[in-house]
Amino acid sequence: MAGLQCLKRLYLEIHDRNLADPVDPSQQAIFDVGNLVGELARERFAGGTLIEAAYYEQEKAESTTRKQLSNAFVPALYEAAFTFEGIRTRVDILARADAGQGFDLIEVKSTASYKEREHLPDVAIQLHVVEGSGVPIRRAYLMHIDTSYVYEGGEHDLTRLFALEDVTDMARDYLADVAPGKLAEMWESLGQSVTLDIETGRHCKSPYQCPFYGHCHTDEPEHPVGELPRLPGWEEDRLKALGIRDIQSIPPDATGLSHVQWRVRDSVISGKPYVGSELTERLSSIEFPASFLDFEAIAPAVPIFVGTRPYQHIPFQWSLHLLDSDGSLSHRDYLHDGDDDPRQGFITSLLEAVPANGSIVAYSGYEERILRQLADEFPQYEAQLIALTERLVDLLQIVRDCYYHPEFHGSFSIKAVVPVLAPQLSYDELDIPEGRAASAAYQRLLTDDVPPAQATKIRQSLLTYCGQDTEAMLRVYQALKKEIATVHPEPVEG
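Residues numbered from 1 in each chain as written. Predicted model: local features only at pLDDT ≥ 70, side-chain atom pairs only at ≥ 80, totals over all residues. Heavy atoms only, no water.

Strand E8 (residues 290-298) sits mainly inside the fold: 9 of its 9 residues count as buried. Judged by which residues are buried, E8 turns out to be covered on both faces: Ala-290, Phe-292, Asp-294, Glu-296 and Ile-298 on one side and Ser-291, Leu-293, Phe-295 and Ala-297 on the other are all buried. Sheet analysis places E8 next to strand E9 (residues 314-323), joined by 9 bridges and oriented antiparallel. Among the inter-strand pairings, Phe-295 is bridged to a residue of E9, identified as Trp-318. Bridging between E8 and strand E11 (residues 360-362) involves 2 bridges; their strand directions are parallel. Within the sheet, the bridge partner assigned to Ser-291 lies in E11 and is Ile-360. (Buried < 20%, exposed > 50% of the residue type's maximum accessible area, 1.4 Å probe, protein only. Helix = DSSP H or I, 4+ residues; strand = E, 2+ residues; numbered from the N terminus. Pairing = 2+ DSSP bridges.)

Another aspect to go through is empty space enclosed by the protein. Here the structure, examined in full by the defined rule, presents 1 cavity of 30 Å³ or more. The space that makes up the largest cavity amounts to roughly 80 Å³. Lining the largest cavity are 13 residues, with Cys-6, His-203, Cys-204, Cys-210 and Cys-216 sitting closest to its centre. Of all the secondary-structure elements, those providing two or more residues to the lining of the largest cavity are helix H2 (7-15) and helix H9 (213-216). Classifying every residue of the lining of the largest cavity by side-chain character gives 7 nonpolar, 3 polar and 3 charged. (1 Å grid on protein atoms, 1.4 Å probe; cavity = no way out; pocket = protein on both sides within 12 Å on 5 of 7 lines; lining within 4 Å. Points joined across faces, edges and corners; volume = space filled by probe spheres on them. Nonpolar A, V, L, I, M, F, W, Y, C, P; charged D, E, K, R; others polar.)

Another point: the environment of Asp-166. By the secondary structure assignment, Asp-166 is in strand E6 (residues 162-166). Remark: the alpha-carbon pair of Asp-166 and Met-143, spanning 23 residues in sequence, is separated by 8.8 Å. Ignoring any residue separated from it by four or fewer positions in sequence, one finds Asp-166 in contact with Arg-139, Ala-140 and Tyr-141. Within polar-contact distance, the side chain of Asp-166 engages the side chain of Arg-139 at 2.9 Å. Within the structure, the side chain of Asp-166 is placed 2.7 Å from the side chain of Thr-168, a separation counted as a polar contact. (Contact = heavy atoms within 4.5 Å. Polar contact = N/O pair within 3.5 Å; in protein donor to acceptor, adjacent residues only side chain to side chain.)

Moving on, we get to helix H15 (residues 382-389). Those residues of H15 that fall on the buried side of the exposure criterion are Leu-385, Leu-388 and Thr-389. Along the axis of H15, the buried positions cluster into a sector of 105°, meaning they face one direction only. As for H15, its buried residues are in contact with helix H13 (343-353), E11, helix H14 (366-377) and strand E12 (392-394). (Arc of directions from axis to C-beta.)

Pairing within the open sheet is mixed, and its 6 strands lie in the order E1-E2-E3-E4-E5-E6. Each having just a single partner strand, strand E1 (49-50) and E6 make up the two edges of the open sheet. Across 4 bridges, strand E3 (residues 87-96) lies against strand E4 (residues 103-108) in antiparallel orientation. When the bridges of E4 are listed, Arg-96 appears paired with Phe-103. Running at roughly 120° to strand E2 (residues 76-84), helix H4 (residues 58-69) makes contact with E1, E2, E3 and E4 of the sheet. Sheet contacts for helix H5 (residues 116-132): E2, E3, E4 and strand E5 (137-145); angle to E3, the most-contacted strand, approximately 90°. (Axes fitted to C-alpha atoms, helices over the stretch in contact; angles between N-to-C directions.)

A few words on the pattern of salt bridges. Taken as a whole, this structure holds 27 salt bridges when the rule is applied. The salt bridge partner of Asp-237 is Arg-202, with a shortest N-O separation of 3.0 Å. Of this pair, Asp-237 sits in helix H10 (residues 233-241) while Arg-202 is found in the loop between helix H8 (179-190) and H9, placing the two residues 35 residues apart along the sequence. A relative accessible area of 45% places Arg-202 in the partly exposed class. Arg-372 is the partner of Glu-368 in a salt bridge, and the nearest nitrogen-oxygen pair spans 3.0 Å. Of this pair, Glu-368 and Arg-372 both sit in helix H14, 4 residues apart, roughly one helical turn. Salt bridges sharing common partners tie together Arg-9, Glu-13 and Arg-17. (Salt bridge = Lys/Arg side-chain N within 4 Å of Asp/Glu carboxyl O.)

Negative phi is the rule for most residues except glycine; trans is the rule for most peptide bonds. Here Ser-206 and Pro-207 are connected by a cis peptide whose omega angle stands at 5°. With respect to the helices and strands, Pro-207 occurs in the loop between H8 and H9. Omega for the bond connecting Phe-288 with Pro-289 falls within 30 degrees of zero, at -5°, which places this linkage in the cis form. For Pro-289, the location among the structural elements is in the loop between helix H12 (279-284) and E8. In this structure, Glu-85 is a non-glycine residue whose phi angle is positive, near 55°. For Glu-85, the location among the structural elements is in the loop between E2 and E3. We classify Glu-85 as exposed; its relative accessible area is 52%. Backbone geometry places Arg-230, a non-glycine residue, at a positive phi of 55°. Within the fold, Arg-230 resides in the loop between H9 and H10.

These results come straight from atomic positions and should not be treated as a statement about function.
Have a look at this one:
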């Protein structure tokens, strides 16, 4: 899979793994979900044997696998190990089929659907290695989470939680038509004595960000063309083919760029921020008292609360910085305490805290989506929650439409904007630095046996992180107001 994304990535995975970027909290949270789903999926084919040898103990794992394959009383193997033509693999689930029909190969993914580009080659190469090792495969499946499943309490119904996609025929077609050429290409690249010289581009983030992204981008210009917001991959490739790698090198007669991309280009070349003519009006539309609001939610792959579905967003925390017209500032927050469904407490505490008038400022449309979802799920609060949505102002949209600074480096996310407009705030020193890590931390409180002292620390870290998000919005708003005063100063009377 690494080789299909980039041959240089494959080379580094084998020869220079130490050059990989550190795993950040967001990535680790994704890995943890995958591990959880993988373990639970085994129970869908219960009674099997886990091949426990570590990934670097391939020979030991294969020996145990062969022994268990010969035992007809073992209905399934988990993490079965095989090597064929120099390719090693560990199969998530190898389930014994009816007598004389071999085995079924099941690759488990924590995704909500089958994704052909990412999943088919994964299943196909395992099928190639397992059958090449002499083990007949009846059918090959991709097993993923079924988001239509509703948890009814008690033990999960794994036949409904997991969906099985039969990809046998497609995997065999892939092996016949695509895999041989790709494998030959990969073996040739791995045999090189030096790291492959491959141009960076859209493949660096597709289908996922490469673990060697930082290493491969060390020699990039300060403002590479890939920083242009929403630049299609083909357009980036076209610019590079013309020898244009730096935003500053884009000529004034270039074609194919959007208004926002031209705005970024001009700002980078001038070294000055872009301040749109509508910024004053847009900021003036924010009425006092202004409530700067942020939510945190979990979206567990395996539902925790009765009546919920996989990956359903369950808000558990909010933070509110309140700015009055006289400049006075106050802060309120809520973090659900207990292992029960947090939504009821979230709703009632929020409705009590938000003032009856004034704008509610969020950064993106996430808060509106959560409020509308809660209005559907808790009809007794529908009118009040919908009323809140009607007062929402999206500060992200204001920034995107009316302001750009070269140091945003093509991103309008709060984490990119804050270091420029509110440098007094930093996420670097926080125990919980971003939303996915916050979700993972709260889910630990719900599902793990966390010691009281550690639970207290996690709760404080959650409160600190969410509070910083709303303070960040407030500081960005204030910084933009100062930008207006600088560009369009008030006239001096007299």
